[in-house]
Amino acid sequence: DTNNPLKIVYVTPALYMAGGVERVLTLKANYFAEHFGYDITIILTEGKDKPLFYPLSDKIKVIHLDVNFEELWFCSFVKKILVYLKKQYRYRRLLTAALMRLRPDITISLLRREINFITGIKDGSRKIGELHINRANYRNFDTEGAGFVKRCFSRLWSYNLLCHLKRLDRLVVLTEKDREAWMELDNVVAIPDPLSFTPVSVSQQTVRRVVAIARYSHEKGIDLLLKAWAEVEKSNVDWRLDVFGDGDRSVYEKQIDELHIDCHRCELHGRTNDVEHEYVQSSLLVVSSRFEGFGMVITEAMVCGLPVVAFDCPWGPRSILTEGEDGLLAENGNWISLAQGLVALINDADMRQTMAIAAQRNVRRFRIEQIAQQWRLLFEKMINQQ
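Residues numbered from 1 in each chain as written. Predicted model: local features only at pLDDT ≥ 70, side-chain atom pairs only at ≥ 80, totals over all residues. Heavy atoms only, no water.

Chemist: I would appreciate a short explanation of the sheet that holds strand β9 (residues 240-244) in the present structure.
Modeler: Working definition: the strands of a sheet are paired by backbone hydrogen bonds and lie parallel or antiparallel to each other. In spatial order, the strands read β10-β9-β8-β11-β12-β13; together these 6 strands make up an open sheet with parallel pairing. The open sheet has two edge strands, β10 (266-269) and β13 (327-330), and neither has a second partner. Between one strand axis and the next, the sheet turns through 20° on average, direction left out of account. Sheet analysis places strand β8 (residues 209-213) next to strand β11 (residues 284-287), joined by 2 bridges and oriented parallel. Paired with Val-210 across the bridge in β11 is Leu-284. (Pairing = 2+ DSSP bridges. Helix = DSSP H or I, 4+ residues; strand = E, 2+ residues; numbered from the N terminus. Axes fitted to C-alpha atoms, helices over the stretch in contact; angles between N-to-C directions.)

Chemist: Sorry, what's going on with the sheet that holds strand β6 (residues 170-173) here?
Modeler: Read from one edge to the other, the open sheet built from 7 strands follows the order β3-β2-β1-β4-β5-β6-β7, with strand pairing classed as parallel. Looking at which strands have only one partner, the edges of the open sheet turn out to be β3 (61-64) and β7 (188-190). Between one strand axis and the next, the sheet turns by 25° as a mean value, whatever way the strands run. As judged from the 4 bridges shared by strand β1 (residues 7-12) and strand β4 (residues 106-109), these two strands associate in the parallel manner. Considered in β4, the bridge of Val-11 is made with Ser-109. Sitting on the sheet, helix α12 (residues 368-384) touches β1, β4, β5 (126-130), β6 and β7, and the angle it makes with β5 is about 150°. (Contact = heavy atoms within 4.5 Å.)

Chemist: In this structure, what is going on with unusual backbone geometry? I would like to understand it.
Modeler: The phi torsion of most residues other than glycine is negative, and most of the peptide bonds are trans. The phi angle at Arg-103 is positive, at roughly 45°, despite the residue not being glycine. Structurally, the position occupied by Arg-103 is in the loop between α2 (77-102) and β4. Assessed through its relative accessible area of 45%, Arg-103 is described here as partly exposed. A positive phi angle is found at His-260, which is not glycine, with a value near 55°. Position of His-260 among the secondary structure elements: in the loop between α6 (250-258) and β10. The exposed category is assigned to His-260, whose relative accessible area is 69%. (Buried < 20%, exposed > 50% of the residue type's maximum accessible area, 1.4 Å probe, protein only.)

Below you can see the structure in the form of structure tokens.
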């Protein structure tokens, strides 16, 4: 009914960073507003004076609550608790007031600090939680060898979380595997992330270059990638590796020296503002993550005509790639297996070409049109259940 468009509110910390979650949220919100005519508002807690990183449709309203939880990063432990409680109380008050005023049909939380109270806000909206990380790594408390107190805290926290997630009308995760992981819940559905762009051109498979797009953080496994590359470059002197991403590269630059990798053929760069260009100027994508929520870089590379060599890590790669058809899955965490996958594809141009064509075909199921339709069906089903 166009007289009465569906009213949706998204609740997320910030949109000033260049992260995958920010990109996907912007993409979906823009599509819903422009193509479905939904009335969309995004409520933020951080970055009031910072520009949004990804362009938002001017049909979308943004509300800055300006709670600024980021202040906690600079507090001592004791002060942190007090400041946190005060901010959390303020956040609850402001978010409740905003939702009571807006009266949306559906409120979508990206499951950050509002998870503890959002289902208790009586604004009449259906509540959806949207999770962009797999269960095993959601608020990862490493309890191996942890003390009694930390283990108890972790258990209590997990129990508390489950109670809140049960109260949601729906919990949306990115893969079927992750849907199965929440076995205590019966409100979970899987909807993958959409492709973030349609490329102007695709890789011609002529540039002898492997590309990786990843933050310089432990979970992205750049250390394992470099070990694998040290093997690969010995037998493939005319190929190079380029890595692009945010974060501190110094520890990995040191590793390049220690492994005696040729620094003219293996370079670590900062973030790129033209990721499409980097894919098109390469012939392979490598993904060395220890775990993934989904793996948006995989779908992006595939649409640009790149076969992918990835660790078979939980849960992303396997839900996107078809082993041997559009990419290769290496044994999770085994850098020798990753190196073997790279060498196999580097040395077989025909296989690369065949996989490149399959990749472009298989990735169509992630187009925004398809994904938006899945969300639309979910929204309509929820509204009609009232």
